[in-house]
Amino acid sequence: MITIAVSNPRITHKDVPFVQMLERQGFKVKLLKDNDFSLGHASNEKEIALLRDVSAVMAAGERYPAEVIKALPSLRVIARFGVGYDKVDIGAATKNNVV
């Protein structure tokens, strides 16, 4: 089963319509209820632990440096809730087949 992580401090329950839609389509949704992570204050090790075996992330403000991306072989998609990819190492993402 494909797992999608949702990193938004305001989404704490799976009663949100888009989460329910993803689950109805057969995806496993993992809510990341960690403000330090969502705000980009978590260590690389903590980010890797939270995202292990995740295929896609609906990201808030967390960082995605090369070390984190390389350590997550299942990760294929990083989609931002807001705008911009200033906290994503685009080169590392491209090199590791993450869009």
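Our subject is the structure listed above.
Quick caveat: nothing in here was measured; it's all calculated off a predicted structure.

Cut-off values and rules
- Residues numbered from 1 in each chain as written.
- Predicted model: local features only at pLDDT ≥ 70, side-chain atom pairs only at ≥ 80, totals over all residues.
- Heavy atoms only, no water.
- Helix = DSSP H or I, 4+ residues; strand = E, 2+ residues; numbered from the N terminus.
- Salt bridge = Lys/Arg side-chain N within 4 Å of Asp/Glu carboxyl O.
- Buried < 20%, exposed > 50% of the residue type's maximum accessible area, 1.4 Å probe, protein only.

Peer 1: Which parts of the structure should I look at to understand unusual backbone geometry?
Peer 2: Excluding glycine, residues mostly have negative phi values, and the peptide bonds linking residues are mostly trans. In the Ramachandran plot, Asp53 falls in the positive-phi region, its phi being about 70 degrees despite a non-glycine side chain. Tracing the chain through its elements places Asp53 in the loop between α3 (44-51) and β3 (56-59). One non-glycine residue with positive phi stands out, namely Asn97, at about 60 degrees. Its place among the elements puts Asn97 in the segment after α5 (90-95).

Peer 1: I'm lost on the pattern of salt bridges in this one. Help?
Peer 2: Oppositely charged side chains can form a pair if their charged atoms are brought close together. The final tally for this structure, using the stated rule, is three salt bridges. Close ionic contact of Lys14 with Glu23 constitutes a salt bridge, the shortest N to O distance being 3.2 Å. The partly exposed category is assigned to Lys14, whose relative accessible area is 37%. On the basis of relative accessibility, which here comes to 31%, the residue Glu23 falls in the partly exposed class. Among the salt bridges present, the one from Glu47 reaches Arg63, with a minimum N-O distance of 3.5 Å.

Peer 1: Can you walk me through the environment of Arg10 in this structure?
Peer 2: By the secondary structure assignment, Arg10 is in the loop between β1 (3-6) and α1 (17-24). Sequence-wise, Arg10 and Asn35 are 25 residues apart; in three dimensions their C-alpha atoms are separated by 9.5 Å.

Read these as geometric descriptors, not functional statements.
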